[in-house]
Amino acid sequence: MALSESSRNALLPGYLYAAPFAAAGSPFAAAGGGVGGRAVAAPSAAVAGGPAVWARAPSEPGRRIEMYTPAFYAACTAGGIASCGLTHMTVTPLDLVKCNMQIDPAKYKSISSGFGVLLKEQGPKGFFRGWVPTLLGYSAQGACKFGFYEFFKKYYSDIAGPEYAAKYKTLIYLAGSASAEVIADIALCPMEAVKVRVQTQPGFARGLSDGLPKFVKSEGYAGLYKGIVPLWGRQIPYTMMKFASFEMVVEMIYKYAIPAPKSECSKNLQLGVSFAGGYIAGVFCAIVSHPADNLVSFLNNAKGATVGDAVKKIGLVGLFTRGLPLRIVMIGTLTGAQWGIYDAFKVMVGLPTTGGVAPTPPAAKA
């Protein structure tokens, strides 16, 4: 599959990854640039003067997706939907107990007692209260989070150029993930507001179908975004940590723990690395984003409440500690599973897994 020059330029500047007609001996003729080991080989032209052929990912016959094309970003978006929506829905019981521990610690004193209270008051079905807004909200968030991360990571890398992109790759991971999460949270916020209200106020609504109209009637449509700033405060640091630490952990695993190059590792081993890197990243994510998570739960549960009210009620120590052990378990497992599913989806459609040993930056010209 070949991309025309105008088509490729319409997507993103591409000089980091390859020059359309790289001269022999140039850095791009030898290998494409890249970040986090996701280097892309220089394109070649079958006919002199013809369009450049973009680097092909490992693929099965008939399942070829070319890097940094609309099909590539669509695949990453679909992988994000599968990874985030399904995993968040699966851990709904943990999320339910965590939210109630944050809102009413006197009643939900611990993880075990919290499950006991829910089982006694709401029965087994109560453990999945709010699963529909969870599935829809985090599917939308995952689509934007992963799809736009791939977009912004390449975009900022191209702006920086090959040498600086390799030198400051961590800053690019942080900037790309933060930019993606700003958009992702706009998609998530309405469903998150309804989810928290349904989960923490028994009797408010059975789920999304009756909860959304009741929420809008009570708070107005603007109320669906009342928690957007605390949500950004929770999710942007979380996602920056999630992507940057994942990329760095995976790079270190391939560099120090696995003797063979990534390209020689089996897909199963690569997916195992993705899960391990994701779990470790998830632990860091839970810690840095937990205070804002407490704020989101409080604000979406209490009508007319402010951040000041939340700090006064919960306390500074409570913001950092209330529900943290459960959230570390939940987010660690969640993040590991998300990266595993995301990379499994990429492998399925013929794309390489995420991360690896960063390439050596091209030597500066004398």
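Computed from a prediction, not measured in an experiment: that's the story for all the values here.

Scanning the protein from terminus to terminus reveals 14 helices and zero strands. For the protein, the sequential pattern of α-helices and β-strands runs α-α-α-α-α-α-α-α-α-α-α-α-α-α. Residues classed as buried in the protein amount to 53% of the 366 residues present. Sequence-distant contacts, at least 24 apart, represent 74% of the contacts inside the protein between residues at least 6 apart. Here the protein displays about 15600 Å² of accessible surface, and carbon together with sulfur accounts for 69% of that area.

Counting 28 residues, the largest nonpolar core has Phe 72 and Leu 351 as its most contacted members. If you list the elements that add at least two residues to this core, you get α3 (70-90), α6 (131-160), α8 (169-200), α10 (228-257), α11 (267-301) and α14 (324-348). Counting ten residues, the second largest nonpolar core, distinct from the first, contains Ala 205, Phe 215, Val 216 and Leu 224.

Taken together, Tyr 164, Tyr 168 and Leu 171 make up a surface patch of nonpolar side chains, about 330 Å² in accessible area. Among the secondary structure elements, Leu 171 is positioned in helix α8.

Here the focus is the packing of aromatic side chains. Under the defined criterion, the tally for this structure stands at 19 aromatic pairs. Ring centres 5.3 Å apart and planes at 80° place the aromatic pair Phe 146 and Trp 339 in the edge-to-face group. Note that Phe 146 is positioned in helix α6 and Trp 339 in helix α14, a separation of 193 residues in sequence. Overall, the relative accessible area of 1% leaves Phe 146 in the buried class. Measuring from centroid to centroid gives 6.1 Å for Tyr 164 and Tyr 168, while their planes differ by 10°, and the two rings are stacked. Every member of this aromatic cluster is reached through a ring pair, and the members are Tyr 68, Phe 72, Tyr 73, Phe 148, Phe 151, Phe 152, Tyr 155 and Tyr 156. Lying across the ring of Phe 204, Arg 197 places its NZ or CZ 5.5 Å from the centre.

If you check helix α4 (residues 92-103), its first and last C-alpha atoms are 16 Å apart, about what twelve residues at 1.5 Å a residue would give, namely 16 Å. Counting buried residues along α4, ten of its twelve residues qualify, which places the element largely inside the surrounding structure. Residues of α4 that are buried: Thr 92, Pro 93, Asp 95, Leu 96, Val 97, Lys 98, Cys 99, Asn 100, Met 101 and Gln 102. Taken together, the buried residues of α4 touch α3, α5 (111-122), α6, α8, α11 and α14.

Counting across every chain of the model gives three cavities of 30 Å³ or more. Roughly 140 Å³ of volume is contained in the largest cavity. Lining the largest cavity are 15 residues, with His 88, Tyr 138, Arg 234, Met 330 and Ile 331 positioned closest to its centre. Of all the elements in the fold, those that place two or more residues in the lining of the largest cavity are α4, α6, α10 and α14. In terms of residue count, α14 provides more of the lining of the largest cavity than any other element does, four residues in total.

Turning next to the pattern of salt bridges. Inspection of the entire model under this criterion finds 14 salt bridges. For Arg 234, the salt bridge is made with Glu 192, and the minimal N-O distance between the two is 3.3 Å. Of this pair, Arg 234 sits in helix α10 while Glu 192 is found in helix α8, placing the two residues 42 residues apart along the sequence. According to the relative accessible area criterion, Arg 234 is buried, its value standing at 3%. For Arg 206, the salt bridge identified is with Asp 210, shortest N-O distance 3.8 Å. Given a relative accessible area of 18%, Asp 210 falls into the buried group. Connected via shared salt-bridge partners are Asp 95, Lys 98, Glu 192, Lys 195, Arg 234, Asp 293 and Arg 327.

Turning next to unusual backbone geometry. Note on backbone geometry: most residues besides glycine have negative phi, and most peptide bonds are trans. A positive phi angle is found at Tyr 68, which is not glycine, with a value near 60°. The topology assignment puts Tyr 68 in the loop between α2 (27-30) and α3. A relative accessible area of 7% means that Tyr 68 is categorised as buried.

As a general rule, the predicted coordinates of low-pLDDT regions are not to be interpreted in detail. Taken over all residues, the pLDDT of the protein has a mean of 81, while the share at 70 or more is 80%. Across the protein, α6 holds the top mean pLDDT of 96, while α2 sits lowest at 36. Scored below 50 in pLDDT, residues 1-62 shows 139 contacts in the model against residues more than four places distant or in partner chains. Confidence drops under pLDDT 50 across residues 360-366; counting only partners more than four residues distant or on other chains, this segment forms five contacts.

What counts as what
- Residues numbered from 1 in each chain as written.
- Predicted model: local features only at pLDDT ≥ 70, side-chain atom pairs only at ≥ 80, totals over all residues.
- Heavy atoms only, no water.
- Helix = DSSP H or I, 4+ residues; strand = E, 2+ residues; numbered from the N terminus.
- Buried < 20%, exposed > 50% of the residue type's maximum accessible area, 1.4 Å probe, protein only.
- Contact = heavy atoms within 4.5 Å.
- Areas by Shrake-Rupley, 256 points an atom, 1.4 Å probe, with all protein chains shown as cover.
- Core = buried A, V, L, I, M, F, W, Y, C linked by side-chain atoms within 4.5 Å.
- Patch = residues over 30% accessible without salt bridge, like charges linked within 9 Å, V, L, I, M, F, W, Y side chains within 5 Å.
- Salt bridge = Lys/Arg side-chain N within 4 Å of Asp/Glu carboxyl O.
- Phe/Tyr/Trp six-rings, centres within 6.5 Å; stacked < 30°, edge-to-face > 60°.
- Lys NZ or Arg CZ within 6 Å of the ring centre and 35° of its normal.
- Expected span 1.5 Å × (residues − 1).
- 1 Å grid on protein atoms, 1.4 Å probe; cavity = no way out; pocket = protein on both sides within 12 Å on 5 of 7 lines; lining within 4 Å.
- Points joined across faces, edges and corners; volume = space filled by probe spheres on them.
- pLDDT = per-residue confidence, 0-100.

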